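Listed below are the residues making up each chain.
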Amino acid sequence: MTMISAVSESEPSCLNTLPGGGITPRAFRALAELVYGYCGIVLGPEKHTLMANRLRKRIAALGLGSYDEYAERLGADDDGAELDVFIDLMTTNHTGFFREEEHFRVLGAQVLPELARERLPPGSVLRMWSAACASGEEPYSMAMVAAQAQRRDLIPGWEILGSDISQTMLAVAERGIYARDRLAPVPPELVSSCFLQGVRSQEGFVRLDPDIRRQVRFERINLLDDDYRLGGPQHVIFCRNVMIYFDEATRAGVLWRLREQLHPGGYLFVGVSESLGNLCGGLEPVSHGVYRRI
Ligand SMILES: C[S@@+](CC[C@H](N)C(=O)[O-])C[C@H]1O[C@@H](n2cnc3c(N)ncnc32)[C@H](O)[C@@H]1O
């Protein structure tokens, strides 16, 4: 399955023969500022080649001759359509089912039963948000854990929102179809209870069980937005492996807004390599990458 639409046109030779992949310091600066201003991702000078490589085919497809022309084109992008393509190309979307698996164990064994017991008024459901969900494996892993806890009568109803800034990733997530070999980290009992196996033309692919798929919705949300418009507080937020791309000021702003979206006693999960340091005001550490709103 192709995750990112690839453009197949041949490249203008001027783009790949110059140092740094042909990107001038001026174009790099303009494009890096655009990325930072739009989604908070910091692209230091060491990212010249990465940027050049990711944009090369797109520039060729547009029939432009240089990165400077592309930067100018983005500057005159009235409807924002090319900006969306550009941001899609500049984000790193690596993810996987049950990535940082310990978090899903904590979610199912501790967090969800505790929230259901102590924080959930009768008749209401647990609300969870995967705040930079890439191609959907993270919210669907949360969903599998929640469905299992519900089958064991540990929690009542639940719902999950998956969001990302990348439209391409959200389209993959919405489909809920994955190559079967991506299921390697999924516990076997969840593979059999949560996925339908593809046959004939779908051989080698799996589809999320429709009952689970229907409880996960997707939306485009930029973590830099002032107002996430979630329609109410969340019991659990996963915001993992995205703040590593932000500087401290951006991280502080995002963390403040995420905390505001949590019920008191609700949980925030960040990537295991993303220590919050002194930015975790109002959140108490629970375990590696897991925080509870005070
Ligand atoms: C490396 S993936 C992490 C996926 C998943 N959370 C995980 O840990 O496996 C980072 C995701 O953050 C998204 N992202 C980057 N900047 C963002 C922003 N300002 N708002 C929302 N999503 C953003 C990217 O599009 C990408 O899909």
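Note that this is a predicted model, so its numbers are computed, not measured.

Would you mind going over the overall build of the protein in detail, with residue names and values included?
When helices and strands are counted, the protein shows 11 helices and 10 strands. Against the globule reference of 19 Å for 294 residues, the protein gives a C-alpha radius of gyration of 21 Å, in line with a compact fold. With respect to the principal axes defined by its C-alpha atoms, the protein has extents near 60 × 55 × 30 Å. Buried positions account for 37% of the 294 residues belonging to the protein. Taking as baseline every contact in the protein between residues at least 6 positions apart, the subset at least 24 positions apart corresponds to 73%.

Tell me about the site of the ligand, residues and numbers included.
Around the ligand, the structure places 24 residues, and the nearest of them are Thr91, Thr95, Ala132, Ala134 and Asn241. Looking at the shell around the ligand residue by residue, the class counts come to 10 nonpolar, 10 polar and 4 charged. Three or more residues apiece are contributed to the shell around the ligand by two domains, here domain 1 (14–90) and domain 2 (102–293).

Residue-level account of the domain arrangement of the protein, with values.
How large an interface is tends to be reported as the accessible area lost when its parts come together. Partitioning the protein into domains gives domain 1 (14–90) and domain 2 (102–293). The C-alpha centroid of domain 2 is placed 31 Å from the C-alpha centroid of domain 1. Facing the 7 residues of domain 1 at the interface are 11 residues of domain 2. Of all the elements, helix α5 (residues 81–90) adds the most residues to the side of domain 1 that touches domain 2, at 3 residues. Of the residues in the side of domain 1 that touches domain 2, the class split is 4 nonpolar, 1 polar and 2 charged.

Got a sec to walk through the sheet that holds strand β3 (residues 177–179)? Specific residues and values, please.
Taking strand neighbours across the sheet as the criterion, the 3 strands line up as β3-β5-β4 in an open arrangement whose pairing is antiparallel. Looking at the sheet topology across the chains shown, the edges are occupied by β3 and β4 (195–197). Direction aside, the axes of adjacent strands within the sheet are offset by 30 degrees on average. Of the pairings in the sheet, the one linking β3 to strand β5 (residues 205–208) comprises 3 bridges and is antiparallel in character. If you follow tyrosine 178 over to β5, its bridge partner there is valine 206.

Kindly report on the nonpolar core, identifying the contributing residues and their values.
Judged by nonpolar contacts, the single largest core of 77 residues is most densely connected at Leu112, Ala146, Ile237, Cys239 and Leu268. Among the elements that make up this core, the one with the highest residue count is helix α7 (residues 137–151) (7 residues). Looking at this core, you find at least three residues from each of domain 1 (14–90) and domain 2 (102–293). Ignoring any residue separated from it by four or fewer positions in sequence, one finds leucine 112 in contact with Leu107, Leu126, Ala146, Ala149, Leu154 and Ile155.

I'd like to hear about helix α3 (residues 48–61), residue by residue, with values.
Side chains of residues three or four places apart in an α-helix project in the same direction, reflecting 3.6 residues per turn. Between the first and last C-alpha of α3 there are 20 Å, a value that for 14 residues agrees with the 20 Å anticipated at 1.5 Å per step. When we look at burial in α3, the residues that qualify are His48, Met51, Ala52, Leu55, Arg56 and Ile59. Once α3 ends, the next one or two residues include glycine 63, with phi positive near 75 degrees.

Hey, could you go over the sheet that holds strand β10 (residues 290–293) for me, with residue numbers and the actual values?
Here 7 strands make up an open sheet; going across it, the order is β6-β2-β1-β7-β8-β10-β9 and the pairing mixed. Across the chains shown, the open sheet's two edge strands, defined by having one partner strand only, are β6 (216–220) and β9 (283–287). If you compare each strand with its neighbour and ignore which way they point, the axes differ by 20 degrees on average. Where strand β1 (residues 126–130) and strand β7 (residues 234–239) come together, 3 bridges link them in parallel fashion. Paired with tryptophan 129 across the bridge in β7 is isoleucine 237. Sheet strands in contact with α7 are β1, β2 (158–164), β6 and β7, and its direction is about 175 degrees off that of β2.

What counts and what doesn't
Residues numbered from 1 in each chain as written. Predicted model: local features only at pLDDT ≥ 70, side-chain atom pairs only at ≥ 80, totals over all residues. Helix = DSSP H or I, 4+ residues; strand = E, 2+ residues; numbered from the N terminus. Rg over C-alpha atoms; globule rule 2.2 N^0.38 Å. Buried ≥ 20, exposed ≤ 12 C-beta atoms within 10 Å, placed from the backbone. Contact = placed C-beta atoms within 7 Å. Near = placed C-beta within 6 Å. Nonpolar A, V, L, I, M, F, W, Y, C, P; charged D, E, K, R; others polar. Domains from an automatic or database assignment. Pairing = 2+ DSSP bridges. Axes fitted to C-alpha atoms, helices over the stretch in contact; angles between N-to-C directions. Core = buried A, V, L, I, M, F, W, Y, C linked by C-beta atoms within 7 Å. Expected span 1.5 Å × (residues − 1).

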